[in-house]
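Residue strings, one per chain:
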Amino acid sequence: GKNYTAQGNILTGKEVVEAMASTFEGNPDLPLADRLVKALAAGQAAGGDSRGQQSAALLVVRAKGGYAGYNDRYIDLRVDDSPRPIQELSRLLEMHHTTNAYADARFFLDKGDKEKAARIMEEATRKRTADAKGKPSDQGDAYYDLACFYALAGNSAKALENLEKAVPLNPKLKAYSLNDTDLDSLRQNPRYLALVKDAAPEKK
């Protein structure tokens, strides 16, 4: 296909490659990593490797897309031994999206796409708070990250709305927020000042 290839070793037939290609082309709105995993799943459903399944891997690079921008390995996942490696790879990718949503949102925010960045953060927060049912501090952390994103995006109302959800769930965030530069735009806001008035700065 244009700008991509689909291939494999000892495949059951050409229908495997055709299924991978059509699935990849048929999901242009998905992130690249998701398109690749869907293509792998389609190829497996069409016959896959004639020897069966054992492992799967996914590597996507993006300039400074790695942890804290230290490298370009935006997504680097692998399943070395599993009876359902593509299914497991898909699960790991979903975990990656949820736990790395803040970095993804910052990437699109820096590119000027506030709408896409907000969608990423809102969806990740919904998943994180659902997964953290019964763990108030984890839910608080999810709302806190969303508050930081909105503060950076210049939406103080949304930032404060989520910060006011976060602090009761994880009171430690009140003091933590005092040194968080992501929230600098809120420092003089009366709602923020009321929220942190009894907090002592965290020691570094």
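What comes next concerns the included structure. What you see is a predicted model; the values in this text were computed from it and never measured.

1. Thoughts on the overall build of the chain
At step 1: The helix and strand inventory of the chain stands at 9 helices and 2 strands.
At step 2: When the helices and strands of the chain are read in sequence order from the N terminus, they spell out α-α-β-β-α-α-α-α-α-α-α.
At step 3: Over its C-alpha trace the chain gives a radius of gyration of 21 Å, far above what one expects of a compact globule, namely 17 Å for 204 residues.
At step 4: Projected onto the principal axes, the alpha-carbon positions of the chain cover approximately 65 × 35 × 25 Å.
At step 5: Looking at the 204 residues of the chain, the share that counts as buried comes to 38%.
At step 6: Summarising the internal contacts of the chain: among those between residues at least 6 apart in sequence, 50% fall at separations of at least 24.
At step 7: By element, 50% of the accessible surface of the chain is carried by carbon and sulfur atoms, the whole surface being about 12400 Å².

2. Let's talk about the packing of helix α4 (residues 101–110) against helix α6 (residues 136–152)
At step 1: Direction vectors running N to C along α4 and α6 enclose 10°, while the axes themselves pass 11 Å from each other. In terms of orientation, α4 lies roughly parallel with respect to α6. For the pair formed by α4 and α6, the contact residues are Tyr102, Ala105, Arg106 and Leu109 on the first element and Asp145, Cys148, Phe149 and Leu152 on the second.
At step 2: Looking at side-chain class alone, the contact of α4 with α6 contains 6 nonpolar, no polar and 2 charged residues.

3. Examining the nonpolar core
At step 1: Core analysis: the biggest nonpolar cluster contains 28 residues, and Tyr144, Phe149, Leu163, Leu183 and Leu186 have the highest contact counts within it.
At step 2: Elements with a minimum of two residues in this core: α4, α5 (114–131), α6, α7 (156–169) and α9 (190–196).
At step 3: At 8 residues, α6 tops the list of elements feeding residues into this core.
At step 4: If near-sequence neighbours (up to four positions away) are discounted, Leu186 is found in contact with Ala151, Ser156, Ala159, Leu160, Leu163 and Tyr192.

What counts, and where the lines are drawn
Residues numbered from 1 in each chain as written. Predicted model: local features only at pLDDT ≥ 70, side-chain atom pairs only at ≥ 80, totals over all residues. Heavy atoms only, no water. Helix = DSSP H or I, 4+ residues; strand = E, 2+ residues; numbered from the N terminus. Rg over C-alpha atoms; globule rule 2.2 N^0.38 Å. Buried < 20%, exposed > 50% of the residue type's maximum accessible area, 1.4 Å probe, protein only. Contact = heavy atoms within 4.5 Å. Areas by Shrake-Rupley, 256 points an atom, 1.4 Å probe, with all protein chains shown as cover. Axes fitted to C-alpha atoms, helices over the stretch in contact; angles between N-to-C directions. Parallel < 35°, antiparallel > 145°, perpendicular 65-115°, else oblique. Nonpolar A, V, L, I, M, F, W, Y, C, P; charged D, E, K, R; others polar. Core = buried A, V, L, I, M, F, W, Y, C linked by side-chain atoms within 4.5 Å.

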